[in-house]
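A look at the structure
Each chain is listed here by its residues.
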Amino acid sequence: MSILLTIVLLLAAFLLCMNLWTRRLTRQGIEMVPQLGQIVPVQGGSIHYVEKGDPANLTIVMIHGLSGQLQHFTYALMDDLAEDYHVLAVDRPGCGYSTRDTAALAALPEQARMIHAFLETKNVDQAILVGHSLGGALSLEMALDHPDTISALALLAPLTQQMPEPPAVFKSLEIRTDWLRSLIGNTIAVPMARKTAPLVLKDVFAPEPAPADFLNRAGGALGLRPSAFITASQDVIGVESSMGELTQRYSDLKTPGGILFGTEDPILSAETHGASMTKFGLTFEKLEHRGHMILITEPDICARFIRQIAGMTHADMTKQNPH
């Protein structure tokens, strides 16, 4: 009995130490990446956003991917586009400084509903959605759920197909039990993430190098919080449960747009998730020898791609409303 009690006490002490370490890393992450924008409440949580550019111009809405935050867009892409467009970069529900109330809200239709509700509060209509990775799937969901309010899709390395399992680098997020997810998130997940960050970034950015300022300028330090791990784990399960239904609706897609992919993307296959969407009316372009994080590594090319999609949309709108 004394041996069992000793083991229990040692385990409790270990978890307490991990929790204290987690809290310290969380404080450091928030200090490195403070809140950049404003927060709007919506049903089920809140949306944190940064806004730039003239609201009289066409509106571009930027939606990041798994384990990301809006700083992926403010890193280099947003300021460029804000010279000609009204640009909103959002933290997906539960990510960055946005919130969501329950794990059930990780499903794509729920995230789409929350971001659409945010756009309604901003009186945004006919938005051009720029979705990266998981944000691409969410953009497609929004275009199908709200076709009259989304004018075009400019998708960067998007998730478009159901996958048998998460990419290897995100496999540890596949946790289906809320209490276990919370326990891991508040104890060992954040210290482990801090230790393994260089290797994870190398895998995500391959074959290109990760920028040295990713943790602060691109918001990576916000991943050093229990909420970031918990949200990402919920996203993995939520997307898994709703991706199949989304793919079955692609034949109803009426929103024009295009997809840009790096040919060496280690996270999502360009052919599987990009070329496969041309039959649903989306264009497909490839960047040779580039990886998954093209919005950070190739912002100029991404900006030109988005402008091309936006220009086509503006021309169509002008034809329909010449006055």
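Placed above this text is the structure.
Quick caveat: nothing in here was measured; it's all calculated off a predicted structure.

Points about unusual backbone geometry
Cis geometry marks the peptide bond from A206 to P207; its omega dihedral reads 5 degrees. Topologically, P207 is positioned in the loop between α7 (189-205) and α8 (214-217). Even without a glycine there, the phi angle at Q126 is positive, about 60 degrees. Residue placement: Q126 occurs in the loop between α4 (108-121) and β6 (127-132). Even without being glycine, A157 reaches a positive phi, approximately 45 degrees. Note that A157 resides in the loop between β7 (150-156) and α6 (178-185).

Re the packing of α4 against helix α9 (residues 226-247)
The geometry of α4 relative to α9 is characterised by a closest axis approach of 8 Å and an angle of 95 degrees between their N-to-C directions. With respect to each other, α4 and α9 are oriented roughly perpendicular. Only D235, G238, V239, S242, M243 and L246 of α9 make contact with α4, whose side of the interface consists of L108, P109 and Q111. Of the residues that constitute the contact of α4 with α9, the class distribution is 5 nonpolar, 3 polar and 1 charged.

Notes on the side chain of Q111
Relative to the assigned elements, Q111 resides in helix α4. A polar side-chain atom of Q111 sits 3.1 Å from a polar atom in the side chain of D235. When neighbours within four sequence positions are excluded, Q111 is seen to be in contact with R92, P93, R100, L105, A106, L138 and D235.

Scoring rules and cut-offs
- Residues numbered from 1 in each chain as written.
- Predicted model: local features only at pLDDT ≥ 70, side-chain atom pairs only at ≥ 80, totals over all residues.
- Heavy atoms only, no water.
- Helix = DSSP H or I, 4+ residues; strand = E, 2+ residues; numbered from the N terminus.
- Axes fitted to C-alpha atoms, helices over the stretch in contact; angles between N-to-C directions.
- Parallel < 35°, antiparallel > 145°, perpendicular 65-115°, else oblique.
- Contact = heavy atoms within 4.5 Å.
- Nonpolar A, V, L, I, M, F, W, Y, C, P; charged D, E, K, R; others polar.
- Polar contact = N/O pair within 3.5 Å; in protein donor to acceptor, adjacent residues only side chain to side chain.

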